[in-house]
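Residue strings, one per chain:
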Amino acid sequence: MSEGSEALAPSSQVTALRAIAPARSGNIFEETIECLLQIIRLGIIPPGQHFPPERELAEQLRVSRATLREAISELQTAGWVNVRRGRGGGTFVSRSLADSWGNTTAHDPGVHETAGFSPAEVEDTLTWRRVIEMGVAEVAAGQDLTAPQRSQLAAAMDTSRQSSLAEYRRLDSQLHLTWAQVTGSPSLVRSMVESRTRANKLLERIPMIEPNLAHSHEQHQRVHNAILAGDAGAARTAMAEHLDGTAALLRGFLAEP
C-alpha cells in the first residue's frame, strides 16, 4: 500500500465489501457493476490499490466468479480499473477515474469529464421513470389489442432486438414509446416521451455495455409477451425488473458518493 493511503484495514475492508454486496435479483450483473463502482467511489479500494483476488472478492460479494469477471472486464473498458496479469497482478483502481469511456456513442469526449449528477437528480429521474413506465406496461397489457396493434408491437420488438450498438438507444426508446401508444392515452404517451428524454440524458453519459444490452433484450421480450398475453401484473413486474437493471448502472456510474 502506498504512503498516505487511507484504505481501510483488511478486516474492515472485508466488512465493507460484504455490506455493499449486490442484492439478489434478476439484475445481478448490473448490480455487481454498481457495487464495484460504489467501492471505488467510497474509497474502500483507493486509486492505485487493487481489489482482493477474484475468488475472495466473488465470495465477499456473493456473486459467481463469471459474473465478477464480466463486470470487471466492462469496468476496465470504461477506464475505471486496470487488470494486470502475472506476478504482482490483480484488478487495480485507476488513478484517473473514467479517463476513457470505451465503447460509447459518438459524443464529444469532454462531456464525460463533467457528467456527474447529484444523487437527488439521478433518483428523481429514476423514480419518475419507474412510476410512468411500470404504469404504461400495466395499462398496455389491459387493452384489447387489435391485429394491427399486435403487428406494431412485434415490429418494434424485432427492430429493437436487431439493433446495432450505435442505434440501440434510439430503437429502445421507440419500443418503449410503442408500448405507450397502444395504451390509447395521449397523456401516457407524452409522459413516456418525457421519461425517455430524461433517462436518455443520463444514459448518454455511461458506456454501452453489451451484457447489459443482451439482458435488456431478454427483459423487453418478457414485457412484450406479458402485454400480448393481457397479463397486467406480469407486464408491470417485468418492466420493474428491466428498469431496476438500468437504474443500477446509472447509480453506479453517475451518482456521487
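Each remark here, short or long, concerns the structure printed above.
Residues numbered from 1 in each chain as written. Predicted model: local features only at pLDDT ≥ 70, side-chain atom pairs only at ≥ 80, totals over all residues. Heavy atoms only, no water.

Draft legend 1. Here's a closer look at the overall build of the chain. Summing up its helical and strand segments, the chain has 10 helices and two strands in all. The secondary structure elements of the chain, listed N-terminal to C-terminal, are α-α-α-α-β-β-α-α-α-α-α-α. Here the chain holds 257 residues, and 47% of them are scored as buried. For the chain, contacts bridging at least 24 residues in sequence account for 73% of all contacts bridging at least 6. Taken as a whole, the chain presents about 12300 Å² of accessible surface, with 50% of it coming from carbon and sulfur. (Helix = DSSP H or I, 4+ residues; strand = E, 2+ residues; numbered from the N terminus. Buried < 20%, exposed > 50% of the residue type's maximum accessible area, 1.4 Å probe, protein only. Contact = heavy atoms within 4.5 Å. Areas by Shrake-Rupley, 256 points an atom, 1.4 Å probe, with all protein chains shown as cover.)

Draft legend 2. The pairing of strand 1 (residues 81–84), seen in detail. Of the two faces of strand 1, only the one carrying V81 and V83 is buried; N82 and R84 on the other face are not. Summarising the sheet, strand 1 and strand 2 (residues 90–93) pair through four bridges and their orientation is antiparallel. Bridge pairing in strand 2 links V81 to V93. The hairpin formed by strand 1 and strand 2 contains five residues between the paired strands, and G86 there has a positive phi angle of roughly 80 degrees. (Pairing = 2+ DSSP bridges.)

Draft legend 3. Focus on the pattern of salt bridges. Using the criterion set out here, one finds 12 salt bridges in the structure. Between R205 and E204 there is a salt bridge, with the nearest N and O atoms lying 3.9 Å from each other. Accessibility expressed as a relative area gives 22% for R205, which makes it partly exposed. For E204, a relative accessible area of 31% gives the class partly exposed. One salt-bridge network, held together by shared partners, links E54, R65 and R69. (Salt bridge = Lys/Arg side-chain N within 4 Å of Asp/Glu carboxyl O.)

Draft legend 4. A look at the environment of V136. Note that V136 resides in helix 5 (residues 119–141). Taking the relative accessible area as the measure of exposure, V136 reaches 0% and is therefore buried. Considering only alpha carbons, one finds V136 and R236, 100 residues apart in sequence, at a separation of 8.3 Å. Not counting residues within four places of it along the chain, the set of residues in contact with V136 comprises W179, A180, T183, L188 and M192.

Draft legend 5. Just the nonpolar core, in detail. Counting residues in each nonpolar core, the largest one holds 36 residues, and the members touching the most others are I33, L36, F51 and F253. Of all the secondary structure elements, the ones that give two or more residues to this core are helix 2 (28–41), helix 3 (54–61), helix 4 (65–77), strand 1, helix 5, helix 8 (186–203) and helix 10 (232–254). Top contributing element to this core by residue count: helix 2, with seven residues. Once residues within four sequence positions are removed from consideration, F51 is found in contact with L36, I39, I40, I45, L57, V81, T91 and V93. If you look at the next biggest cluster of nonpolar residues, it comprises 23 residues, including M157, L175, W179 and A240. (Core = buried A, V, L, I, M, F, W, Y, C linked by side-chain atoms within 4.5 Å.)

Draft legend 6. Looking closely at unusual backbone geometry. Backbone geometry at R62 places phi at a positive 60 degrees, although glycine is not the residue there. Examined against the element boundaries, R62 turns out to sit in the loop between helix 3 and helix 4.

Draft legend 7. Here's a closer look at helix 9 (residues 210–229). With 20 residues, helix 9 extends 29 Å from end C-alpha to end C-alpha; this agrees with the ideal 28 Å at 1.5 Å per step. Residues of helix 9 that are buried include every one of P211, N212, L213, H215, S216, H217, Q219, H220, V223, H224, A226 and I227, and no others. Packing partners of the buried residues in helix 9 comprise helix 2, helix 4, helix 5, helix 6 (147–161), helix 7 (168–181) and helix 10. Positioned one or two residues after helix 9, G230 has a phi angle of 70 degrees, which is positive. (Expected span 1.5 Å × (residues − 1).)

Draft legend 8. Fine view of the packing of aromatic side chains. Summed over the entire model, instances satisfying the criterion amount to one aromatic pair. The ring of F92 has R84 sitting right over it, with the charged end atom 3.7 Å from the ring centre. (Phe/Tyr/Trp six-rings, centres within 6.5 Å; stacked < 30°, edge-to-face > 60°. Lys NZ or Arg CZ within 6 Å of the ring centre and 35° of its normal.)

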